[in-house]
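# Fold and geometry: a report
Spelled out from the first residue to the last, the chains are:
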Amino acid sequence: MLDAGRTEETLLEVNNIEVIYNHVILVLKGVSLSVPKGGITALLGGNGAGKTTTLKAISNLLHSERGEVTKGSITYRNEPIAELDPAALVKKGVIQVMEGRHCFEHLTVEENLLTGAYTRSGGQVSADLEMVYTYFPRLKERRKSQAGYTSGGEQQMVAIGRALMSKPECILLDEPSMGLAPQLVEEIFGIVKDLNEKEGATFLLAEQNTNVALRFAHYGYILESGRVVMDGPAAELRENPDVKEFYLGMSEEGRKSFRDVRSYRRRKRWLS
Ligand SMILES: Nc1ncnc2c1ncn2[C@@H]1O[C@H](COP(=O)(O)OP(=O)(O)OP(=O)(O)O)[C@@H](O)[C@H]1O
Ligand SMILES: [Mg+2]
């Protein structure tokens, strides 16, 4: 059964991609995933699993890091997008919010938001600014503040708000929880959910925080060492004993320590 807002229509399709950095380092080893229109899809996995690389492969940001897609294909609405530069992709409706927020520190909050509207023109921009402020009232309060002096949570909001200013259909969100206190993480994910339900925004979000991601997403993919090792509806992944034990830190016996988690490679049935 589909969750509210999620449709059968696939927007983004990643088909068996391989990514190599510096001509030699094989980082993605055949990753496939699909992102349905109107859904929140989570890309999960620990440090170095390949989440950011997957998002950058989609938004064509690998070149500057000497990375390239050497196999497989990526399509958006059934059209190949590998040749499109990030600006052309934004025009198609796909935008990436980078890991680590990346605000223009010397510009005000509002100026930062306005930079997101660069592909567009006309009076719609001020209406969109108001829309962003409806979802992020804190940014309205701080709109004249220099972005570099706002908190980490507010900078994450600026980064998401700026992406919204391009009127995207599909938002690639890299590690929105990074470095934020639990309460702020809840707040940011709550806004993502609202944007999904009320504006129909489609999200592909990369997260190490499996717990929060699986509470808000409809579907999840778990990446390990550049491979998808498991995928399924979020509700099913939340109940899966391996996910519970190794990603949610829970087991039959209760909480697991990180040291216990290390033994899982030997036990893991999906690699056997
Ligand atoms: N520019 C690069 N050159 C060489 N190797 C890289 C480069 N960027 C990433 N890697 C390697 O690719 C692998 C995947 O990295 P990636 O950043 O995609 O992981 P991630 O899942 O986003 O991790 P994190 O949760 O820490 O952000 C890692 O082993 C990393 O060291
Ligand atoms: Mg990353």
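Now for a look at the structure at hand.

Cut-offs applied
Residues numbered from 1 in each chain as written. Chains lettered and ligands numbered in written order. Predicted model: local features only at pLDDT ≥ 70, side-chain atom pairs only at ≥ 80, totals over all residues. Heavy atoms only, no water. Pairing = 2+ DSSP bridges. Helix = DSSP H or I, 4+ residues; strand = E, 2+ residues; numbered from the N terminus. Axes fitted to C-alpha atoms, helices over the stretch in contact; angles between N-to-C directions. Contact = heavy atoms within 4.5 Å. Buried < 20%, exposed > 50% of the residue type's maximum accessible area, 1.4 Å probe, protein only. Phe/Tyr/Trp six-rings, centres within 6.5 Å; stacked < 30°, edge-to-face > 60°. Near = heavy atom within 4 Å. Polar contact = N/O pair within 3.5 Å; in protein donor to acceptor, adjacent residues only side chain to side chain. Areas by Shrake-Rupley, 256 points an atom, 1.4 Å probe, with all protein chains shown as cover. Nonpolar A, V, L, I, M, F, W, Y, C, P; charged D, E, K, R; others polar. Donors = N, O, S within 2.8 Å, 3.2 Å for Na, K, Ca; no water. Expected span 1.5 Å × (residues − 1). Core = buried A, V, L, I, M, F, W, Y, C linked by side-chain atoms within 4.5 Å.

### Here's the deal with the sheet that holds strand β3 (residues 40–44)
Judged by pairing direction, the sheet is mixed, and its six strands sit side by side in the order β6-β7-β8-β3-β9-β10 without closing on themselves. Each having just a single partner strand, β6 (94–97) and β10 (227–233) make up the two edges of the open sheet. Taken pair by pair, the neighbouring strands of this sheet meet at an average axis angle of 15°, ignoring direction. Note that β3 and strand β9 (residues 219–224) share four bridges and pair parallel. From the neighbouring strand, L43 faces β9, where its bridge partner is Y221. Against the sheet, helix α6 (residues 152–164) engages β6 and β7 (170–174), with an angle of about 170° to β6.

### Remarks on the side chain of K56
Within the secondary structure, K56 is located in helix α1 (residues 51–58). A residue is classified by how much of its surface remains accessible, and K56, at 11% relative accessible area, is buried. Not counting residues within four places of it along the chain, the set of residues in contact with K56 comprises L61, L62, E65, Q96 and M98.

### Points about the packing of aromatic side chains
This model, assessed by the stated rule, comprises two aromatic pairs. Ring geometry for F189 and F216: centres 5.4 Å apart, planes at 40°, overall tilted. Of this pair, F189 sits in helix α7 (residues 182–199) while F216 sits in helix α8 (residues 210–216), placing them 27 residues apart in sequence. Here F189 falls in the buried class, since its relative accessible area comes to 1%. With a centroid separation of 5.3 Å and an interplanar angle of 55°, the aromatic rings of Y219 and Y221 are classed as tilted. In this structure, Y219 and Y221 share a single accessibility class: buried.

### A word on the site of ligand 1
Contacts to ligand 1 come from 16 residues, most closely from N47, K51, T52, T53 and E99. At 3.5 Å from a nitrogen atom of ligand 1 is found a side-chain nitrogen or oxygen belonging to Y21. At 3.1 Å, a side-chain N or O of E65 approaches a nitrogen atom of ligand 1. Taking 640 Å² as the accessible area of ligand 1 by itself, protein coverage stands at 68%. Looking at the shell around ligand 1, the elements that each hand over two or more residues are β2 (25–36) and α1. Residue classes in the shell around ligand 1 are distributed as four nonpolar, eight polar and four charged.

### Description of the coordination of the magnesium ion (ligand 2)
In this structure, T52 (OG1) and E99 (OE) serve as the protein donors to the magnesium ion (ligand 2), at separations of 2.0 to 2.5 Å. Of this pair, T52 sits in helix α1 while E99 sits in the loop between β6 and α3 (109–115), placing them 47 residues apart in sequence. The class of T52 is buried, set by a relative accessible area of 18%. The exposure class of E99 is partly exposed, given its relative accessible area of 29%.

### Here we look at the sheet that holds strand β4 (residues 67–76)
Read across the open sheet, the four strands follow the order β2-β1-β4-β5; overall the sheet is antiparallel. For this open sheet the edge positions go to β2 and β5 (79–80), each flanked by a neighbour on one side alone. In the sheet, β4 pairs with β5 via two bridges, with the strands oriented antiparallel. Bridged to T75 within β5 is P80. Across the sheet, α1 is in contact with β1 (10–21), β2 and β4; its angle to β1 comes to roughly 115°.

### A closer look at α6
A rise of 1.5 Å per residue sets the reference length of α6, with its 13 residues, at 18 Å; its end C-alpha atoms lie 18 Å apart and thus fit the reference within 8%. Of all 13 residues in α6, 12 are buried, a share of seventy percent or more. Looking at the buried side of α6, the elements it contacts are β6, α3, α4 (124–135), α5 (137–141), β7 and α7.

### Focus: the nonpolar core
Across soluble globular proteins, nonpolar side chains have a tendency to be buried as a group. By size, the foremost hydrophobic cluster in this structure holds 53 residues, and its most contacted members are L113, F136, L139, F203, L205 and V243. Looking at this core, the element that brings in the most residues is α7, giving seven residues. Once you skip the residues sitting within four places of it in the chain, F136 turns out to touch M157, I160, G161, L164 and I191. Counting 29 residues, the second largest nonpolar core, distinct from the first, contains I17, L33, A57 and L89.

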